[in-house]
Amino acid sequence: RDPSCFTGAAFSCAACCDTKQAGPAGNVKCWGQGYTYKRCCPPCPDAHDPSCFPAGSPQSCKECCDRHHGDRGNTACWAEEQRGLSFERCCLGRRPICSGRWPGNFTREVLQTSQYGQDRFMLEWLDCPSSGFYLDLGAYDGEHLSNTHALDVGLGWQGICVDAVLRPDNFKDRSCRLLQAALHTRS
């Protein structure tokens, strides 16, 4: 992108633009003073899923994942989400765990959002149930590295999300009840 973004030793494209570990906006410590993910990072993130853009496909990673179109890339690429293509899967590299049944009788892939596959382990162990209840202690972001996002958004589970420092804007697609509180061994 902009060659002026990573001229010093303090930041690098690899560290700042890593959507897999740092989240959809890359490493937030890198941005400020006019430097943003959109300005500095390549249109096709390293974490992208190449199977979404096979050879001969009418769409490319650069065309679909480029943040100059918006926060979720080119939304025209994800218009038919029933096909299993989404910004989260194709551009952020979130792997499918199982399929959930949605209104209108279509299935939708449930994508892994946890850091080390905690959601994958639990859903595979329980055979991907389409309903349930969870308690998320330490919910913080609500999306990136969330152990319960797949349960809530992917399968329609209900729950309670607790953290001392919640980021409410990231819970707009979630159904969980938010509780801003600190947990301790003593009351």
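Engineer: What is the right way to look at the sheet that holds strand β5 (residues 177-180) in this model?
Structural biologist: Hydrogen bonds between backbone groups are what pair the strands of a sheet, and the pairing can be parallel or antiparallel. Here we have 3 strands laid out as an open sheet, ordered β3-β4-β5, and parallel in their pairing. For this open sheet the edge positions go to β3 (133-137) and β5, each flanked by a neighbour on one side alone. For this sheet, the mean angle separating the axes of adjacent strands, direction not counted, is 10 degrees. Two elements, strand β4 (residues 158-163) and β5, share 4 bridges in a ladder whose sense is parallel. Bridge pairing links Val162 to Leu179 in β5.

Engineer: What's the story with the side chain of Asn74 in this structure? I'm lost.
Structural biologist: The topology assignment puts Asn74 in the loop between α4 (61-65) and α5 (87-90). If we skip the residues at most four places from it in the chain, Asn74 touches Glu63, Cys64, Asp66 and His69.

Engineer: Looking at this model, I keep getting lost on the pairing of β3. Mind explaining?
Structural biologist: One face of the sheet, then the other: side chains in a regular strand alternate in exactly this way. On β3, burial follows the alternation: Tyr134 and Asp136 on one face are buried, whereas Phe133, Leu135 and Leu137 on the facing-out side are not. Relative to β4, β3 is paired through 5 bridges, and the arrangement is parallel. Bridging from a neighbouring strand, Leu135 pairs with Ile160 of β4. In this view, the connection linking β3 to its parallel neighbour β4 by way of helix α7 (residues 149-155) has right-handed handedness.

Engineer: Teacher, can you tell me more about the nonpolar core here?
Structural biologist: Nonpolar side chains in soluble globular proteins generally cluster together in the buried interior. Formed by 15 residues in total, the largest nonpolar core has its most connected members in Val110, Leu123, Tyr134, Leu155, Cys161 and Phe171. Among the elements of the structure, β1 (96-102) and α7 are those that each provide at least two residues to this core. Counting residues in each nonpolar core, the second largest holds 13 residues, with Phe53, Cys64, Cys90 and Cys91 among its members.

Engineer: Is there a simple way to explain the packing of aromatic side chains in this structure?
Structural biologist: When we look at a pair of aromatic rings, we describe it by the centre distance and by the angle of the planes. Following the criterion strictly, the structure yields 1 aromatic pair and no others. Their ring planes at 85 degrees and their centres at 6.4 Å tell us that Trp31 and Tyr37 sit as a pair that is edge-to-face. With respect to class, Trp31 is no different from Tyr37; both count as buried.

Engineer: I tried to follow the environment of Ala15 on my own but got confused; where do I start?
Structural biologist: Its location among the elements puts Ala15 in helix α1 (residues 13-16). When the C-alpha atoms of Ala15 and Asn27 are compared, they prove to be 7.0 Å apart, with 12 residues separating the residues in sequence.

What counts and what doesn't
Sequence order as written defines the numbering, with residues in each chain counted from 1. Given that the model is predicted, a residue must reach a pLDDT of at least 70 before its local features are reported, and side-chain atom pairs must reach 80 or more before they are shown or counted; all residues, however, enter totals for whole chains, interfaces and linings. Side-chain measures were taken over the full set of non-hydrogen atoms in the model, leaving aside hydrogen atoms and water. Strand pairing is defined by DSSP finding a minimum of two bridges between the two strands. Each helix is a run of DSSP H or I of at least 4 residues and each strand a run of E of at least 2, with the numbering of both proceeding from the N terminus. Axes here refer to lines fitted to C-alpha atoms; in helices the fit is confined to the stretch in contact. Angles between the N-to-C directions go from 0 to 180 degrees. Residue contacts are defined here by distance: any two heavy atoms, one from each residue, within 4.5 Å place the two residues in contact. Here the term buried applies to any residue with accessible area under 20% of the maximum for its type, exposed to any over 50%, and partly exposed to those in between, with areas from a 1.4 Å probe on protein chains only. Classification remark: right-handed applies to a crossover when, strands pointing away from the viewer, the course from the first strand over the helix to the second runs clockwise. Definition of nonpolar core: a set of buried residues of the types Ala, Val, Leu, Ile, Met, Phe, Trp, Tyr and Cys, connected through side-chain atoms within 4.5 Å. Any Phe, Tyr or Trp ring, taking Trp's six-membered ring, that has another such ring centre within 6.5 Å forms a pair; planes under 30 degrees apart are called stacked, those over 60 apart edge-to-face, and the others tilted.

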